[in-house]
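# Secondary and tertiary structure notes
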Amino acid sequence: MLFEIFDPKAPPRPIGIDLGTTNSLVAYVQDGRPHAVLDCDLEVLVPSVVSYDERGNVVVGRNAQRRALAHPRETIVSVKRFVGRGANDPETKRLGPYEFAAPGSEAEANVVRFKVHDKAVTAVEGSAEILKVLKKNAEDKLQKVGGAVITVPAYFDDAQRQATKDAGRLAGLDVLRLLNEPTAAALAYGLEKKKDGLYAVYDLGGGTFDVTILVLDDGIFQVRSTGGDSALGASRWASIRRRARPKSCGWLSTRPARPSIR
(Lines give C-alpha, C1' and ligand atoms only; values in the text may rest on other atoms or scores of the structure.)
Protein backbone atom coordinates (compact mmCIF):
# COMPACT_ATOMS: atom_id res chain seq x y z
CA MET A 1 0.00 0.00 0.00
CA LEU A 2 1.40 3.42 -1.01
CA PHE A 3 1.04 6.48 1.21
CA GLU A 4 1.11 9.98 -0.21
CA ILE A 5 3.51 12.17 1.77
CA PHE A 6 2.36 15.74 2.27
CA ASP A 7 5.00 18.33 1.38
CA PRO A 8 4.31 21.57 3.29
CA LYS A 9 6.42 23.47 0.72
CA ALA A 10 4.44 22.18 -2.24
CA PRO A 11 2.24 24.77 -3.99
CA PRO A 12 -1.52 24.51 -3.43
CA ARG A 13 -3.13 22.14 -5.91
CA PRO A 14 -5.90 23.50 -8.17
CA ILE A 15 -9.25 21.72 -8.11
CA GLY A 16 -12.13 21.23 -10.50
CA ILE A 17 -15.74 21.50 -9.31
CA ASP A 18 -18.89 20.26 -10.98
CA LEU A 19 -21.60 22.35 -9.32
CA GLY A 20 -24.54 20.28 -10.53
CA THR A 21 -28.28 20.74 -10.33
CA THR A 22 -28.82 17.46 -8.47
CA ASN A 23 -25.34 16.49 -7.26
CA SER A 24 -21.94 18.14 -7.05
CA LEU A 25 -18.38 16.89 -6.77
CA VAL A 26 -14.79 18.08 -6.55
CA ALA A 27 -11.72 16.52 -8.17
CA TYR A 28 -8.01 17.10 -8.69
CA VAL A 29 -5.34 15.87 -11.10
CA GLN A 30 -2.39 13.76 -10.01
CA ASP A 31 0.15 12.20 -12.35
CA GLY A 32 -2.00 13.23 -15.29
CA ARG A 33 -5.10 11.43 -14.02
CA PRO A 34 -8.24 12.93 -12.44
CA HIS A 35 -9.26 11.80 -8.96
CA ALA A 36 -12.63 12.56 -7.40
CA VAL A 37 -12.55 13.50 -3.72
CA LEU A 38 -14.57 11.41 -1.28
CA ASP A 39 -16.56 13.01 1.52
CA CYS A 40 -16.78 11.81 5.13
CA ASP A 41 -19.29 9.14 4.04
CA LEU A 42 -16.82 7.87 1.41
CA GLU A 43 -19.14 9.11 -1.33
CA VAL A 44 -18.08 11.05 -4.40
CA LEU A 45 -21.37 12.86 -5.03
CA VAL A 46 -22.67 15.54 -2.68
CA PRO A 47 -26.42 16.22 -3.19
CA SER A 48 -26.91 19.86 -4.18
CA VAL A 49 -29.31 20.49 -1.32
CA VAL A 50 -29.07 23.13 1.40
CA SER A 51 -31.24 23.23 4.52
CA TYR A 52 -31.47 25.83 7.29
CA ASP A 53 -32.64 24.81 10.76
CA GLU A 54 -34.35 27.00 13.34
CA ARG A 55 -31.06 27.56 15.21
CA GLY A 56 -29.42 29.09 12.17
CA ASN A 57 -27.30 26.06 11.32
CA VAL A 58 -26.70 25.19 7.66
CA VAL A 59 -26.98 21.55 6.58
CA VAL A 60 -25.67 20.45 3.17
CA GLY A 61 -25.82 17.22 1.20
CA ARG A 62 -27.48 13.98 2.25
CA ASN A 63 -28.44 15.26 5.70
CA ALA A 64 -30.15 18.24 4.06
CA GLN A 65 -31.89 15.84 1.69
CA ARG A 66 -33.37 13.96 4.64
CA ARG A 67 -34.83 17.22 6.01
CA ALA A 68 -36.58 18.14 2.76
CA LEU A 69 -39.79 16.20 3.42
CA ALA A 70 -40.37 17.63 6.90
CA HIS A 71 -38.99 21.11 6.15
CA PRO A 72 -39.68 21.79 2.45
CA ARG A 73 -39.58 25.60 2.66
CA GLU A 74 -36.37 25.67 4.66
CA THR A 75 -34.63 23.17 2.36
CA ILE A 76 -33.50 24.41 -1.05
CA VAL A 77 -33.28 21.58 -3.56
CA SER A 78 -31.50 22.12 -6.89
CA VAL A 79 -30.48 25.65 -5.92
CA LYS A 80 -28.62 25.97 -9.23
CA ARG A 81 -31.96 26.43 -11.01
CA PHE A 82 -32.41 29.76 -9.21
CA VAL A 83 -28.95 31.17 -9.90
CA GLY A 84 -29.16 34.37 -11.92
CA ARG A 85 -32.96 34.44 -11.91
CA GLY A 86 -35.00 37.44 -10.84
CA ALA A 87 -37.60 37.44 -8.09
CA ASN A 88 -40.30 38.38 -10.62
CA ASP A 89 -39.35 35.64 -13.09
CA PRO A 90 -42.58 33.62 -13.60
CA GLU A 91 -40.54 30.41 -13.79
CA THR A 92 -39.14 31.03 -10.31
CA LYS A 93 -42.39 30.37 -8.45
CA ARG A 94 -42.94 27.11 -10.34
CA LEU A 95 -39.64 25.59 -9.21
CA GLY A 96 -40.61 24.58 -5.69
CA PRO A 97 -42.78 25.12 -2.60
CA TYR A 98 -40.65 28.00 -1.37
CA GLU A 99 -41.65 31.29 0.15
CA PHE A 100 -39.81 34.25 -1.34
CA ALA A 101 -38.89 37.47 0.40
CA ALA A 102 -40.35 40.57 -1.22
CA PRO A 103 -37.69 42.69 -2.92
CA GLY A 104 -36.98 45.93 -1.09
CA SER A 105 -35.28 47.62 -4.01
CA GLU A 106 -34.84 47.39 -7.77
CA ALA A 107 -31.51 45.62 -7.28
CA GLU A 108 -33.10 42.96 -5.03
CA ALA A 109 -35.77 42.33 -7.67
CA ASN A 110 -33.04 40.87 -9.88
CA VAL A 111 -32.14 38.22 -7.29
CA VAL A 112 -34.16 35.30 -5.88
CA ARG A 113 -34.32 35.59 -2.10
CA PHE A 114 -35.74 32.63 -0.15
CA LYS A 115 -37.59 33.44 3.05
CA VAL A 116 -36.09 31.03 5.59
CA HIS A 117 -37.24 31.48 9.19
CA ASP A 118 -36.55 35.15 9.95
CA LYS A 119 -34.02 35.91 7.22
CA ALA A 120 -33.62 36.01 3.44
CA VAL A 121 -31.19 33.69 1.66
CA THR A 122 -30.11 34.20 -1.95
CA ALA A 123 -29.38 31.47 -4.47
CA VAL A 124 -25.77 32.65 -4.52
CA GLU A 125 -25.50 32.13 -0.75
CA GLY A 126 -27.07 28.67 -1.06
CA SER A 127 -24.65 27.70 -3.82
CA ALA A 128 -21.77 29.02 -1.71
CA GLU A 129 -22.70 26.63 1.11
CA ILE A 130 -22.36 23.68 -1.28
CA LEU A 131 -19.03 25.00 -2.54
CA LYS A 132 -17.80 25.40 1.05
CA VAL A 133 -18.43 21.71 1.69
CA LEU A 134 -16.63 20.71 -1.52
CA LYS A 135 -13.71 22.98 -0.63
CA LYS A 136 -13.52 21.44 2.86
CA ASN A 137 -13.55 17.92 1.39
CA ALA A 138 -10.70 18.88 -0.94
CA GLU A 139 -8.71 20.43 1.92
CA ASP A 140 -9.13 17.29 4.02
CA LYS A 141 -7.60 15.32 1.16
CA LEU A 142 -4.99 17.74 -0.21
CA GLN A 143 -4.22 19.89 2.86
CA LYS A 144 -3.87 22.99 0.68
CA VAL A 145 -6.17 23.98 -2.18
CA GLY A 146 -5.27 26.39 -4.95
CA GLY A 147 -7.57 27.93 -7.51
CA ALA A 148 -10.78 26.33 -8.72
CA VAL A 149 -12.29 25.74 -12.14
CA ILE A 150 -16.09 25.46 -11.95
CA THR A 151 -18.21 23.99 -14.73
CA VAL A 152 -21.41 25.74 -15.83
CA PRO A 153 -24.05 24.93 -18.48
CA ALA A 154 -23.28 26.32 -21.93
CA TYR A 155 -26.63 28.15 -21.90
CA PHE A 156 -25.80 30.16 -18.75
CA ASP A 157 -26.00 33.87 -19.49
CA ASP A 158 -23.69 36.56 -18.10
CA ALA A 159 -25.78 37.05 -14.96
CA GLN A 160 -25.77 33.34 -14.14
CA ARG A 161 -22.03 33.08 -14.76
CA GLN A 162 -21.31 36.07 -12.56
CA ALA A 163 -23.55 34.64 -9.83
CA THR A 164 -21.55 31.38 -9.96
CA LYS A 165 -18.29 33.32 -9.59
CA ASP A 166 -19.77 35.26 -6.67
CA ALA A 167 -20.78 32.00 -4.98
CA GLY A 168 -17.25 30.67 -5.39
CA ARG A 169 -15.66 33.76 -3.89
CA LEU A 170 -18.20 33.73 -1.05
CA ALA A 171 -17.07 30.14 -0.35
CA GLY A 172 -13.48 31.28 -0.12
CA LEU A 173 -12.41 29.92 -3.50
CA ASP A 174 -10.10 31.57 -5.98
CA VAL A 175 -12.18 31.01 -9.13
CA LEU A 176 -9.67 30.67 -11.96
CA ARG A 177 -12.31 30.33 -14.66
CA LEU A 178 -15.70 28.92 -15.56
CA LEU A 179 -15.71 26.04 -18.04
CA ASN A 180 -18.70 25.11 -20.16
CA GLU A 181 -19.93 21.65 -19.18
CA PRO A 182 -19.94 20.27 -22.76
CA THR A 183 -16.34 21.45 -23.21
CA ALA A 184 -15.38 19.77 -19.93
CA ALA A 185 -16.99 16.53 -21.13
CA ALA A 186 -15.17 16.73 -24.46
CA LEU A 187 -11.84 17.28 -22.70
CA ALA A 188 -12.53 14.40 -20.31
CA TYR A 189 -12.90 12.06 -23.29
CA GLY A 190 -9.80 13.42 -24.99
CA LEU A 191 -11.64 14.80 -28.01
CA GLU A 192 -9.17 17.71 -28.28
CA LYS A 193 -6.60 15.16 -29.52
CA LYS A 194 -8.82 14.06 -32.39
CA LYS A 195 -9.18 15.70 -35.78
CA ASP A 196 -10.92 19.04 -36.20
CA GLY A 197 -14.65 19.00 -36.83
CA LEU A 198 -18.11 19.18 -35.29
CA TYR A 199 -19.01 17.22 -32.16
CA ALA A 200 -22.38 16.78 -30.44
CA VAL A 201 -22.33 16.45 -26.65
CA TYR A 202 -25.48 15.13 -24.97
CA ASP A 203 -25.76 15.94 -21.28
CA LEU A 204 -28.43 14.03 -19.37
CA GLY A 205 -28.04 15.32 -15.86
CA GLY A 206 -30.08 14.80 -12.74
CA GLY A 207 -32.09 17.96 -13.30
CA THR A 208 -31.50 19.01 -16.92
CA PHE A 209 -31.12 17.54 -20.39
CA ASP A 210 -29.38 19.43 -23.18
CA VAL A 211 -27.30 18.95 -26.31
CA THR A 212 -24.45 21.16 -27.45
CA ILE A 213 -22.67 21.38 -30.79
CA LEU A 214 -18.94 22.03 -30.38
CA VAL A 215 -16.46 23.03 -33.06
CA LEU A 216 -12.91 21.72 -32.58
CA ASP A 217 -10.34 23.86 -34.38
CA ASP A 218 -6.63 23.23 -33.76
CA GLY A 219 -7.24 21.80 -30.28
CA ILE A 220 -9.60 24.57 -29.17
CA PHE A 221 -13.33 24.02 -28.59
CA GLN A 222 -15.96 26.61 -29.35
CA VAL A 223 -19.67 26.31 -28.59
CA ARG A 224 -21.59 26.62 -31.84
CA SER A 225 -25.08 26.13 -30.38
CA THR A 226 -26.79 24.67 -27.35
CA GLY A 227 -30.35 23.85 -26.35
CA GLY A 228 -32.42 21.66 -24.12
CA ASP A 229 -34.82 21.57 -21.21
CA SER A 230 -33.62 22.90 -17.86
CA ALA A 231 -36.44 21.09 -16.05
CA LEU A 232 -36.20 17.67 -17.71
CA GLY A 233 -33.50 15.49 -16.20
CA ALA A 234 -33.03 12.00 -14.87
CA SER A 235 -34.82 12.78 -11.60
CA ARG A 236 -37.85 14.04 -13.56
CA TRP A 237 -37.82 10.92 -15.74
CA ALA A 238 -37.68 8.74 -12.64
CA SER A 239 -40.68 10.48 -11.05
CA ILE A 240 -42.75 10.12 -14.26
CA ARG A 241 -41.82 6.46 -14.45
CA ARG A 242 -42.84 5.87 -10.82
CA ARG A 243 -46.23 7.44 -11.43
CA ALA A 244 -46.80 5.53 -14.67
CA ARG A 245 -45.74 2.12 -13.34
CA PRO A 246 -48.90 1.25 -11.34
CA LYS A 247 -51.19 2.03 -14.28
CA SER A 248 -49.01 0.21 -16.83
CA CYS A 249 -48.93 -2.85 -14.59
CA GLY A 250 -52.69 -2.77 -14.21
CA TRP A 251 -52.49 -2.18 -10.48
CA LEU A 252 -55.10 0.55 -10.58
CA SER A 253 -57.74 -1.06 -12.78
CA THR A 254 -57.50 -4.81 -12.89
CA ARG A 255 -57.58 -5.76 -9.25
CA PRO A 256 -60.72 -7.77 -8.49
CA ALA A 257 -63.19 -6.11 -6.19
CA ARG A 258 -63.01 -7.27 -2.60
CA PRO A 259 -66.02 -9.52 -1.87
CA SER A 260 -68.43 -8.12 0.64
CA ILE A 261 -68.98 -9.99 3.88
CA ARG A 262 -72.55 -10.44 5.01
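Let us look at the structure shown here. What you see is a predicted model; the values in this text were computed from it and never measured. Within every chain, residues take consecutive numbers counted from 1 along the sequence as written. The predicted origin of the model limits local features to residues at a pLDDT of at least 70 and limits the giving and counting of side-chain atom pairs to 80 or more, whereas totals for whole chains, interfaces and linings rest on all residues. Side-chain numbers here rest on the full set of heavy atoms in the structure, without hydrogens or water.

## Focus: helix 3 (residues 158-170)
- Secondary structure is summarised from DSSP: a helix means a run of H or I of at least four residues, a strand means a run of E of at least two, and numbering begins at the N terminus for each. Under the convention used throughout, the expected extent of a helix is 1.5 Å for every residue step, that is, one less than its residue count. End to end, helix 3 covers 18 Å across 13 residues, agreeing with the expected 18 Å (1.5 Å per residue, within 8%).
- Working rule for contacts: check all heavy atoms of both residues, and any pair within 4.5 Å makes them a contact. Residues of helix 3 that are buried sit in contact with helix 2 (123-142), strand 10 (145-152) and strand 11 (175-180).
- Sitting at the head of helix 3, Asp 157 places a side-chain oxygen 3.2 Å from the backbone nitrogen of Ala 159.
- Once helix 3 finishes, Gly 172 follows within two positions and takes phi at roughly 85 degrees, a positive value. Between N or O atoms, a polar contact is any pair within 3.5 Å; within protein, one atom must be a potential hydrogen donor and the other a potential acceptor, and residues adjacent in sequence are included only when both atoms are from side chains.

## Overview of the sheet that holds strand 13 (residues 209-217)
- By this definition, two strands are paired if DSSP reports at least two bridges between them. The antiparallel open sheet is built from three strands, whose spatial order is 12-13-14. Lying at the two open borders of the sheet, with one neighbouring strand each, are strand 12 (197-204) and strand 14 (220-229). Strand-to-strand twist in this sheet, taken as the mean axis angle between neighbours without regard to direction, amounts to 20 degrees.
- Bridge count between strand 12 and strand 13: eight bridges; the pairing is antiparallel. Think of each axis as a best-fit line through the C-alpha atoms, taken over the contacting stretch in the case of a helix, with angles from 0 to 180 degrees between the N-to-C directions.

## Thoughts on the pattern of salt bridges
- A carboxyl oxygen of Asp or Glu within 4 Å of a side-chain nitrogen of Lys or Arg is what we treat as a salt bridge. Enumeration according to the criterion identifies nine salt bridges in this entry.
- Here Arg 73 ties to Glu 99 by a salt bridge, and the two come within 3.4 Å at their closest N and O atoms. Highlighted residues: Arg 73 in the loop between helix 1 (62-67) and strand 7 (75-77) and Glu 99 in the loop between strand 7 and strand 8 (113-116), separated in sequence by 26 residues.
- Think of it in three bands: residues with accessible area under 20% of the maximum for their type are buried, residues over 50% are exposed, and the middle band is partly exposed, with areas taken using a 1.4 Å probe on protein chains only. When its relative accessible area of 33% is taken as the criterion, Glu 99 is described as partly exposed.
- A salt bridge links Glu 129 to Lys 132; the nearest nitrogen and oxygen atoms lie 3.7 Å apart. Of this pair, Glu 129 and Lys 132 are both found in helix 2, three residues apart, which corresponds to roughly one turn of the helix.
- One connected set of salt bridges, linked through shared partners, spans Asp 39, Asp 41 and Arg 62.

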